[in-house]
Each structure stands twice: as C-alpha cells, then as structure tokens.
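# Tertiary structure, described
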Amino acid sequence: MGQYGIGQPVRRKEDVRLLTGKGRYTDDIHFDGQLWAAFFRSPHAHAKIKSIDSAAALSVAGVRHVFTGEDMRKGGMKPLVADINFTDRKGNKMYKPVRHILPSDRACYVGEPLVMVLADSAEAARAGAELIEIDFETLPNITSTAKAAEPDAYVLHPEHGSNIAVHWENSAPDEVDALIAQAPHKVKIHLVNNRLIVAPMEPRCAVATYDAKEDVITLYSPTQGVRPAQAGFAGLLGIDKKKLRVISLDVGGGFGIRSKRYPETAAVAWAAKHINQPVKWRGDRSETFVSDHHGRDQVNDAVMGLDKNGRVIALRLETIVNVGAYSGDNGPRLPIDGGGRIIPCGYDIEKFYFSVKPVYTNTVPTDTYRGAGRPEANYIMERLMDAAAEECGLTRDEIRRRNLIPLSKMPYRTQMNFVYDSGDFIGTMDKTLELADWKGFASRRKETEKRGKLRGIGLASFVEQAGGRPTEEMRVKFDENGKATVFSGTFSHGQGHETVYAQMVNDYLGVPFDQIDFVQGDTDTTPPGGVGTFGSRSSMMGGVAIKRSCGQIIMKGKKIAAHLLQADPAAVTFENGLFRVGVSSISIQDVARAASDPAKLPEGVTPGLDESNLFEREPDLNNFPNGCHICEVEVDPELGTIEIVKYTALDDCGVVLNPLIVHGQVYGGVAQGIGQALTEDAIYDAESGQLLAGSFMDYGMPRAHHLSMIEAHFTDDQPCKTNDLGVKGAGEAGACGAPPAFVSAVCDALTPYGVKHIDMPLTPERVWTAIQQAKAHKAA
Amino acid sequence: MNISLTINGEKITRDIATNLLLADFLRDNLRLTGTHVGCDTTQCGCCIIHLNNKAVKSCTMLAVQADGAQITTIEGLAGANGALHPVQEAFREHHGLQCGFCTPGMVMMGADIVRRLPGADEATIRHQLEGNICRCTGYQGIVEAIMDASSQAKGI
C-alpha cells in the first residue's frame, strides 16, 4: 500500500477541475438551434382542468410550440406507474394512481407541470408559459399527513375511496398488545418526522437532442446512474432503451432524488424527438422546490413495554408516511422494505408489531432522501429509548446498554429479516461516551449556567443498512500504452469515485495513480450491468466489482506474461505491477502493450487487457453501518436559540478506503440531519395547499453558522464479513445519528422545565414556546 | 446597450439587452460556465465573482451595471501559470468540496474573506459565509480551508 493506495487520505483527482471552473454541468451545454422549454404549473393544490387555451402563449414573439400532456399521449408518452407493490394482511393490493406526464384532466398538487412551452429563448418560453390560460374548477384538498389517514378525510383519488394506499403490517398486533398491557413499564411517543426539501445545489436541468437517421434521443440530465434513467425514461417514452442515450455530466449533488422519472425530463426528451430539434429546460430553484421529490414526512406512534430491569418486552409501532399526490418508485416503500426495514435498529427486541399506512395527499411526491427510511427508523427508536430511560429511572446510556444487541449475538437476524454480520453496538457507544467526555458533562453544564444559559447532552446509537440493488458492473481496461481506465457502473456526484477507484487500481495493479482514467455517466460507455450510486452502495458494490475485475486482469496477465517470458503460467506471480518468474519480470504496462498485438499472445487468449465484472450479491446481504453520535448544545432560554457546542461521532463504516472522503460523507450527513432537526421544514398551508416554504428565503437550509466542527472518528475493528472489501456504507450514517442526538441534547437542556420532547425542527419559536408552556404549567 | 469591461484580464465589449443579469451574461453569452446559479433569491452564493476586487453575487446585478468594471471569475482566480490560488489549494487540501457546484462561489467568497480578514477565527468565517449554501460538506472542510488560507495570509 503506497501513498495513493487503499486507506490513504488521497486528495481528490476531481478537485482541480472543479476548483478552477472547469466542471461541466448539464446547464453548461447548449446546442445550435435549441429551443428552450418552460412549464405552466398548477397554481392550485387540487383542481379539475376544464379547458386549456394556448393561443395567447403562441402569440408571444419567439414561442414556437405549446404541448399538453394530451399531445404527448397521442405521441406515444406512457403514464407513470410506480414500480412498487405491497399487500395488506388480507391480500388486498396497494392502490397506485396513474400519473400522466402533464395531466390534462386534473392537477393534484401546487407546481404540478401541466403544459410545456418551447421558444427561441428562455425568456420567451417563460413569457409564453405565463400566458397559458387554463379554466380550472378548484376542488377541496388535503395536505396533512395525519389527517389524510383519518376515516372522514377528504379523499384525493376517489376511485380508491381512501387516501391510504395500503395498510401494511408485519403481523397481527394481538400478542404484542397483550405483552405491552402486562408490562411493568410502558412508554408512548408521538413523533412528526418533518417533510424536507432535498435541494442539491445544482437545480434540475434537462437537454435533449434527436438523431433522426438513427432514431436515437440523447438526453443530458443530472442523475445518480444513467442505466436506471435510460430504462425508466425509455419506458415512459414508449421506445426501446437502445433508442435513448442518457448522459450525466458533472452532477451537483444527488441525495437520493436525482435518478427519478420526472415529468419535465420526460417531456423534454419527447419534444426533442417530436420536433426533431434540440430542447433545453433549465429548472430554477423555485421550480425545483415544487418539482423535485421531497423527503421524509412521517407521523409515528409507538408504544413500548419494558420489564422491571428496563429490558424491552414488546414494541408496537404505527407509521403514516405522506407519499404525495402519486406514488414515486420508492415513496411508500421507504418505511416498509426500503431503508425503514432496519427497524428496530440496534435493539434486541423479540416481539414487534409494525404497521405502515402510506397516504396520498395534494403535495409533491416524496421519495428517497439521504437515509431513505433509516433516519426515520432510528429517530423513532432513539426517542423511545430516551423516554424509556426516564420511565425506568435509568440513564440514557444504561437503557441502551441493556437493550442493544450485544456483540455475542452476532450474526443477528432482525425482526425484519436482515442478518447483521458485524457491529459492536455497545462497545461503540461506550467508546463514544469517552470520546465526548460524557462523564465531564456536569461541570460543563455548571459553567454554561453561570452564563445564564442551559446546556444539554444527547446521544444516539444507530444502525443503518447500505447496498441498494444487488448488482453492479465495473470495467477496468488498459490501452496499448499501458494506461488504465475505469468504466464505472456507479455514478459519482460528489463522492470522489474517480479518486477512490484509482486508489484501488493503484493498489491492486500497481498502476501509477495519475495513469488511471475514469469514465462514467454515458449509456454508450457505462457497463451494461451498471446501476448507479445511492443507498451508500458504491464501495461495497462497485468497489467489489473493481477488485474482481482487477483479479481477472491479473489472471489473464499471468497467461500473457508466461507466454512472453516463456514460462509456465502457474509459476508467474504478480506484485506491485510486475509479473515475475524467477529473476525475470515484466510490467503490467508491457503486458498490456503486448496484449494489443495478437502475434504476442498465447493460443486461445483474446487480444486486449480489458475485464468487466458483474458483481451480484444475495439480495438481503446488505451491510449495516452503525455508530454513536453525541451532541452537546447550549440553549438561550430567553430566545429559544440553540447553539451546537460539541459534536462527537464514532462511525463503524467497516474498512475505510479514503478517510478524507469518508469523513466528508459523515460531515455532510450530520449537517443534513442537523438541518432537519434545527431549521428545515417544508410546510404546506392547510387551507390553500400552497407550499409556504417555497424558496431559500422561506426554507431553512442549514448555513455554516448553524453548525460546529464535528469530531469524527472511525472504529475499524468490525469489518463487514459479507463483502470482499470489508467495507460498509458511509453516506447516510450522519443523517441517522444527528437528529436523535440533537433532539435528545436539547430536551436534556430543557430538563429544568420538564420538557420531554419537541417535534423537529427545533426552531427558536418552538423551543421558546415549549419553555413558556412548561412555566405556565408549573405555575398552574 | 454597449458595455465594455475587463474579465479575467481580457477587455470585452458586447451589445447586450438591458435586462440581462450579470450571471447570465457570464454563463450564456461569454460561456464562462464556472460561475453557477443555484437559486433565484440571492441566497446561495454559487454565482459570486469579484467585481472591482469585491465579492459580489452576479445573479443580483444587471450586466449593464458592470460597464467599465474589472471582473474576476473562478476561471481567472488561479495564477497565469496555472498555480492554484491559496484558497483553491486549501479547499483541495481540506476536502472543502464534494459535488463542486457551490464551490466556485465558496472559493470566490473565501478569497474575499482572506483578503479582508487575514487571521479570521472560525466563528467569524462561519458568519461571513451566511450568504453561501453548501449541501454536501457540512461546511467543515470549507471553514477549515478558509481558516487555513486566512492564517497563511496573516503569516500565522
């Protein structure tokens, strides 16, 4: 392992390009003769469309075309039906409303795209879109998650008769209910997991061109993997996927929402073919707020029974998840067999009842967002444990110590049928308590109190699951000059794959770090089995496929080297880039050069040193990153403001390939978790159904001053046992640990007032109100 | 309307619409696409450039207002020999970027902070970054990078 090998904090290959303005994002490209697209969006939460009049829009100078969804349907566009199926315990199937791309009969949420205008300039397209006249008949609406599940709620999709898509349960509740009823200790919590705007910094964009001769559409758009986008959009367009090339250039953040089948993107691709002219749509931030999928939005009710020693006897959990107006490909899945399948997380709980009701409402569809169900699951468990600590008269660390799965029980089969291969949950928590000086907190609190403020400390022990889809393909190819290129099936949109994969090839094949190129994001070159980057999967899936590709290269290289050195292939060894037999050796670069010349190859060996590996794991063999985060805050009781004064993270990500990059993933995840807990809230107005948090002016994106330095550590003694590299996902742990650690810390600070819980986000107004209510309650 | 200005050391004259924003002029007309547009409300700071040596959000002024100005964009920050500006170098060293989209604005703001406040402490830098949003890094590497460049500027 050299300076650029696995495990080194190698500075990123990507950086110089991105730091000097040479990044190339979708909005940076233009085509001669391109038309600009703009969309007329629904101003209403729910309305019947009686008629659409395009005449005024078409009269604007520069406007060339106006297309409705009806035009697109006639031109082959298919409706979007989520690729997702669940049944209730009686076998009734989940209800999935048909989503038309630009519906012409009914608008179901504010911002839903209804009509596309194409013009010579972006300004003309927008001016045209403003003049689209739609005769709407407004209808009542429902946006509230909790209310949508009530029996007398206004029903968005009347043909189903209820907003509840399916009532999924893991079992009958009777046994759990009986056990809880008899338990000596009971705790009950009600949580709102706030809806979030994902907001990657690059707003969504799509550019499409059409080659009439080849009948191929080329779509440029930010994704998290071009192959799923190719299959998804080809399906919507009603064309063979070979007739759709998808290219993703540099992508300005993903966080789960990028690879989705968005109507605008489908419409741009459709139009380019329909008019045989390049089409570009540049979404602005306000559009992104109402058109990118949103995240989270759950209401959770949980009851837990414990014995007299504080051991959990049984847990009953009911979740309502707001999936928006239509089902995305993952929305209803998240609490069930998406990330939420991790519940009850790190705890050894034998009896468990779990019910999920996904509900349709007049809101933007929700889908995967960093953690995709795991942050919600861990938040539920950690809030329960804090409540249980108080109920049982134990400290918050002790209640966890008594209920976390001990190392001795590994491997451990969970309630939801995962097998945890490794992880020392109790040991990790104990180490974190030390790192954060948990014991010394009392004196720090005294010091804070001298300054008239309150201080609190909170901890979260979390487990998540990483891996996503169970296949991935990577390719390592040498050219005739001995230079190596990684063709990646995964898709880096900030994670530094160009660097980490080069470290691996450097380590396995001895190729100099700067002699390794990287290609991703184009269906013409991406390996056919490529999937993409989400669910913290790239190292465990792409990384393993690279390792195996490199192994195949060594196998083939040995045959060629043996031939060149006139030796027995079995006698050839490979180390540090050299094939050796006795005192003779030949470099992998020379073998690659020879491999391009059929005359120099042994019989039966095909030319080239170019190997792909389609790695397939058992579907349930995810890995289970885990850790403990401890947050310390100061609260100003007069203002309700919170300052994070110390944040300690200990993460078990298995083997760390590049600590610089993995730390970066932890910092980013924590910041998004703190964002959810402190400032972010995608609020809809209950009456009008308007999104009130519709721009960065109204939506609380966390800024630099909301955060403090995070002290991040790794525990490396529990490598993953189910993949070749020992790696565990690192991308989403921070988002799991931060919300419960932070909320626990704030509630701890508010102990003098007896405040037990405040729903996220813990804005100054909410904290101040909680303090005032507690004071009034005491006085009364 | 005709405007003349100097961008990254190059004199440029163009006839442009009076309602054209400076950010769009840089990106769409001059194809200096390193300057990014991440919002429409002057909040995110992805579009920050240096106008007459001051950090300015180019999405929030008209191109015609820049008539006669000296502008440096991210493309012009590194030295003529390609050597990175100390703030660019520090971002690379401290992993101050992930997806790279907010990065040009962060670097231009960072260079402005370092120029105005050499030796600035962490709290000062965090508050100075009020007008720049990053979704990837948790700001940790960004703040570390600017602190580092800022102490170097003061010779600490």
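Only a predicted model underlies this, so the values are computations on that prediction, with no experimental measurement involved. (Residues numbered from 1 in each chain as written. Chains lettered and ligands numbered in written order. Predicted model: local features only at pLDDT ≥ 70, side-chain atom pairs only at ≥ 80, totals over all residues. Heavy atoms only, no water.)

## Topic: the nonpolar core
If you look at the biggest cluster of nonpolar residues, it comprises 157 residues, and the most contacted ones within it are Val633, Tyr647, Phe742 and Leu750 of chain A together with Phe91 and Leu129 of chain B. Of all the elements, helix α10 (residues 374-392) of chain A adds the most residues to this core, at nine residues. Filtering out sequence-adjacent residues up to four positions away, Phe91 of chain B remains in contact with Leu19 of chain A together with Gly96, Leu97, Thr103, Met106, Val107, Ile142, Ala145 and Ile146 of chain B. Ranked by size, the runner-up nonpolar core spans 47 residues in total, among them Val505, Phe513, Phe615 and Leu725 of chain A. (Core = buried A, V, L, I, M, F, W, Y, C linked by side-chain atoms within 4.5 Å. Buried < 20%, exposed > 50% of the residue type's maximum accessible area, 1.4 Å probe, protein only. Helix = DSSP H or I, 4+ residues; strand = E, 2+ residues; numbered from the N terminus. Contact = heavy atoms within 4.5 Å.)

## Details of unusual backbone geometry
All names here are of chain A. Residue Met410 is joined to Pro411 through a cis peptide bond whose omega torsion reads -10°. Of note, Pro411 is situated in the loop between α11 (396-403) and β16 (412-413). Look at the link from Met760 to Pro761: it is a cis peptide, with omega at -5°. Considering the arrangement of structural elements, one finds Pro761 in the loop between α18 (733-749) and α19 (764-779).

## Concerning the interface of chain A and chain B
Taken together, the contact pairs 51 residues of chain A with 48 residues of chain B. Of the roughly 4,300 Å² buried between chain A and chain B on both sides combined, carbon and sulfur atoms contribute 55%. Together, Leu19, Met201 and Met709 of chain A form the three largest contributors to the area buried by chain A at its contact with chain B, with a combined 18%. Taken together, the links from chain A to chain B amount to five salt bridges. (Buried area = accessible area lost by both parts, 1.4 Å probe. Salt bridge = Lys/Arg side-chain N within 4 Å of Asp/Glu carboxyl O.)

## Some points on helix α16 (residues 588-595) of chain A
Since there are 3.6 residues in each turn of an α-helix, residues three or four apart along the chain are aligned in direction. The element α16 of chain A is extensively covered by neighbouring structure, given that six of its eight residues are classed as buried. Those residues of α16 of chain A that sit buried are Ile588, Gln589, Val591, Ala592, Ala594 and Ala595 of chain A.

## Focus: the pairing of strand β27 (residues 641-652) of chain A
Residues and elements named next belong to chain A. Of all 12 residues in β27, nine are buried, a share of seventy percent or more. Summarising the sheet, strand β26 (residues 626-636) and β27 pair through 11 bridges and their orientation is antiparallel. Bridge assignment links Glu634 to a residue of β27, and that residue is Glu643. Counted along the chain from β26 to the antiparallel partner β27, the turn is four residues long, and its residue Gly640 has a positive phi close to 75°. Here β27 runs beside strand β28 (residues 710-714); their pairing, made up of five bridges, is parallel. Residue pairing in the sheet places Thr648 in a bridge with Glu711 of β28. Taken together, β27, helix α17 (residues 659-678) and β28 form a β-α-β motif whose crossover is right-handed. (Pairing = 2+ DSSP bridges. Right-handed = clockwise from strand over helix to strand, strands pointing away.)

## Things to note about the pattern of salt bridges
Residues and elements named next belong to chain A. This structure, assessed with the given rule, holds 61 salt bridges over all chains. Of the charged contacts, one joins Lys728 and Asp652 as a salt bridge, the two residues approaching to 2.9 Å between their closest N and O atoms. Here Lys728 is found in the loop between β28 and α18, whereas its partner Asp652 is found in strand β27, with 76 residues between them in sequence. Note on accessibility: Lys728 and Asp652 belong to one class, buried.

## Some details on the domain arrangement of chain B
Residues and elements named next belong to chain B. Looking at chain B, the domain boundaries give domain 1 (2-75) and domain 2 (86-154). One C-alpha centre belongs to domain 1, the other to domain 2; they are set 21 Å apart. Contacts between the two partners involve 18 residues from domain 1, matched on the other side by 15 residues from domain 2. Between domain 1 and domain 2 the total buried area reaches about 1,200 Å² when both faces are included, carbon and sulfur atoms providing 63% of it. Considering only the side of domain 1, the residues that lose the most area to domain 2 are His36, Ile48 and Ile74, jointly responsible for 38% of the buried surface there. The interface formed by domain 1 and domain 2 contains zero salt bridges. For the pair domain 1 and domain 2, the number of links is seven residue pairs in polar contact (both at pLDDT 80 or more). Mapped by element, the contributors of at least two residues to the side of domain 1 that touches domain 2 are β3 (48-51) and β4 (54-57). (Domains from an automatic or database assignment. Polar contact = N/O pair within 3.5 Å; in protein donor to acceptor, adjacent residues only side chain to side chain.)

## Side note on the domain arrangement of chain A
Residue and element names in this part refer to chain A. According to the domain assignment, chain A consists of domain 1 (15-21 + 471-616), domain 2 (31-141 + 203-253 + 258-291) and domain 3 (294-467 + 635-779). If you average the C-alpha positions of domain 2 and of domain 3, the two centres end up 36 Å apart. Each side of the interface is counted separately: domain 2 has 27 residues, and domain 3 has 30 residues. Interface of domain 2 and domain 3: buried area, both sides summed, is about 2,200 Å²; carbon and sulfur atoms make up 60% of it. Our count for the domain 2 to domain 3 interface comes out at two salt bridges. Note that Arg261 is salt-bridged to Asp329, the shortest N-O span being 2.9 Å. At the surface where domain 2 touches domain 3, the tally comes to 12 residue pairs in polar contact (both at pLDDT 80 or more). Classifying every residue of the side of domain 2 that touches domain 3 by side-chain character gives 17 nonpolar, three polar and seven charged. (Nonpolar A, V, L, I, M, F, W, Y, C, P; charged D, E, K, R; others polar.)

## Some details on the sheet that holds strand β5 (residues 113-119) of chain A
All names here are of chain A. On the basis of which strands lie adjacent, the open sheet formed by seven strands has the order β3-β5-β1-β12-β9-β10-β11 and mixed pairing. Pairing within the sheet leaves two strands with one partner each, and these edge strands are β3 (63-68) and β11 (244-247). Recorded for the sheet is a direction-independent mean angle of 25° between the axes of neighbouring strands. Note that strand β1 (residues 35-41) and β5 share six bridges and pair antiparallel. The residue bridging Ala37 from the neighbouring strand is Leu118, located in β5. Together, β1, β3, β5, β9 (205-211), β10 (216-220) and β12 (279-282) form the strand contacts of helix α8 (residues 263-275), whose direction differs from that of β9 by roughly 25°. (Axes fitted to C-alpha atoms, helices over the stretch in contact; angles between N-to-C directions.)

## Observations regarding the side chain of His497 of chain A
Along the chain, His497 of chain A falls in helix α14 (residues 497-509). Residue classification places His497 of chain A among the buried positions, given a relative accessible area of 6%.

## Observations concerning the sheet that holds strand β2 (residues 47-53) of chain A
Reading across from one edge, β4-β2-β6 (chain A) is the order of the three strands in this open sheet, with antiparallel pairing throughout. Whereas interior strands pair on both sides, the edge strands pair on one side only; in this sheet they are β4 (106-107) and β6 (133-138) of chain A.

## What about α18 of chain A?
With 17 residues, α18 of chain A ought to run about 24 Å at 1.5 Å a step, and its terminal C-alpha atoms sit 25 Å apart, in line with that. For α18 of chain A, the tally of buried residues reaches 17 of 17 residues, placing the bulk of the element in the interior. (Expected span 1.5 Å × (residues − 1).)

## What about the packing of aromatic side chains?
All names here are of chain A. Overall, the coordinates contain 17 aromatic pairs over all chains when judged by the stated rule. Geometrically, the ring pair formed by Tyr501 and Phe518 is tilted, given 6.2 Å between the ring centres and 40° between the ring planes. One end of the pair, Tyr501, is in helix α14; the other, Phe518, is in strand β21 (residues 516-519), with 17 residues separating them in the sequence. Each of the two residues, Tyr501 as well as Phe518, counts as buried. Three or more aromatic residues link up through ring pairs in this structure, and these residues are Tyr412, Phe418, Tyr420, Phe425 and Phe624. For the cation-ring pair, Arg204 lies above Tyr262, with the distance from its terminal atom to the ring centre recorded as 3.7 Å. (Phe/Tyr/Trp six-rings, centres within 6.5 Å; stacked < 30°, edge-to-face > 60°. Lys NZ or Arg CZ within 6 Å of the ring centre and 35° of its normal.)

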